[in-house]
Amino acid sequence: VQYFTVSPGPDDTLLMTSSRSQGDVDQWVATKPGVFKLAGGDDTLVFLDKSRGQYQTAYIGSLASIGLLRSPWYATPSFNLSLLAICLIMFLTGILAAPVGLFGLRIKPAKDERRQWLRRAARWVAFSFCLLTILYVLGSGSLYVALNSKPGGDFAPLLILTQVARVGVLLALAMVALCYFVWRGKYWSLTGRIHYMLLTVAAWAFIGFELVWRLLG
């Protein structure tokens, strides 16, 4: 995925950076409304589909076959990277909490085997999701670096990672149901239940991240 950041410059110019430009900034000079020419070059930037005072699409002459779409706030790299960082921190707490029983320090005794089973299932489903997701992120990062250093490499690992992400969706669905039973049965302390709820919210926030970047196939 390649994204561009456009900001106003001096004297009716635009400044544009690309996620692949390594910090280089291109300056575009206005020639007519919605049309800009690259300073010191022959390339042209054209904005189209103006709505509510803002252009929604743009085309660069040298990349005419690829349209640039205006991203909503929830699809901007800055928001998504912040969201990803928060989610990963939460998932790390989930990995640390499950094995040692930190979901609730004053665990309410189970009155029957069903409650005991649900309490144990809730803990280990959350642990499995957190561990799987962190491994998925590490694997995706390694694959991204490998493909950028060697274009045209093997894309088979990408298919495997997509399947891993889909398994994560199933685990997140289970977490929603188990979160309901955790609160209804008051299986753990209030702190433990809030932690589990936050893990569930973080799980679905991460799935939203995957949907925005089309990582689920």
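The structure we're discussing is the one just above.
The notes below deal with the structure included here. The structure presented is a predicted model; accordingly, all values stated were derived computationally and were not measured.

1. Quick word on the pairing of strand 4 (residues 35-38)
Regular strands have side chains that alternate between both faces of the sheet. With four bridges joining them, strand 3 (residues 26-32) and strand 4 adopt antiparallel strand pairing. Residue pairing across strands places K32 opposite V35, the latter belonging to strand 4. Adjacent in sequence and paired antiparallel, strand 3 and strand 4 are bridged by two residues, among which G34 carries a positive phi angle near 80°. Relative to strand 5 (residues 44-51), strand 4 is paired through three bridges, and the arrangement is antiparallel. Along strand 5, the bridge assignment pairs V35 with V46. Linking strand 4 to strand 5, which pair antiparallel, is a turn of five residues; within it G40 sits at a positive phi near 80°.

2. What to know about the sheet that holds strand 4
Adjacent strands of a sheet pair through backbone hydrogen bonds, lying either parallel or antiparallel. With respect to topology, seven strands assemble into an open sheet ordered 1-2-3-4-5-6-7, the strand pairing being antiparallel. Looking at strand neighbours, the two that pair on one side only are strand 1 (4-9) and strand 7 (67-69), the edges of this open sheet. Here the average twist between neighbouring strands, direction ignored, is 30°.

3. Digging into the nonpolar core
Among the nonpolar cores identified, the biggest contains 37 residues, and F91, F129, M175, L178, Y196, L199 and F206 are the most heavily contacted of them. Elements supplying a minimum of two residues to this core: helix 1 (77-100), helix 2 (113-149), helix 3 (156-185) and helix 4 (190-212). Broken down by element, this core gets its largest block of residues, eleven residues, from helix 2. Judged by nonpolar contacts, the second largest core, of nine residues, contains L14, L45, A58 and L68.

4. Re the pairing of strand 5
Pairing analysis gives six bridges linking strand 5 to strand 6 (residues 54-60), with the strands arranged antiparallel. Within strand 6, the position partnered with F47 by the bridge is A58.

5. A few points about the packing of aromatic side chains
Inspection of the entire model under this criterion finds eleven aromatic pairs. On the numbers, 5.0 Å between centres and 80° between planes, the contact of W73 with F79 is edge-to-face. On the accessibility criterion, F79 (33% relative accessible area) is partly exposed. On the numbers, 6.3 Å between centres and 90° between planes, the contact of Y136 with F206 is edge-to-face.

6. What to know about helix 3
The first and last C-alpha atoms of helix 3 sit 44 Å apart over 30 residues, in line with the 44 Å expected at 1.5 Å per residue. Turning to helix 3, its buried residues are L161, T162, A165, G168, V169, L171, A172, M175, L178, C179, V182 and G185. Looking at the buried positions of helix 3, the neighbouring elements they touch are helix 2 and helix 4. Just downstream of helix 3 lies K186, where phi reads positive at about 50°.

Each value, and the rule that gives it
- Residues numbered from 1 in each chain as written.
- Predicted model: local features only at pLDDT ≥ 70, side-chain atom pairs only at ≥ 80, totals over all residues.
- Heavy atoms only, no water.
- Pairing = 2+ DSSP bridges.
- Helix = DSSP H or I, 4+ residues; strand = E, 2+ residues; numbered from the N terminus.
- Axes fitted to C-alpha atoms, helices over the stretch in contact; angles between N-to-C directions.
- Core = buried A, V, L, I, M, F, W, Y, C linked by side-chain atoms within 4.5 Å.
- Buried < 20%, exposed > 50% of the residue type's maximum accessible area, 1.4 Å probe, protein only.
- Phe/Tyr/Trp six-rings, centres within 6.5 Å; stacked < 30°, edge-to-face > 60°.
- Expected span 1.5 Å × (residues − 1).
- Contact = heavy atoms within 4.5 Å.

That's the geometry; what it means functionally is another story.
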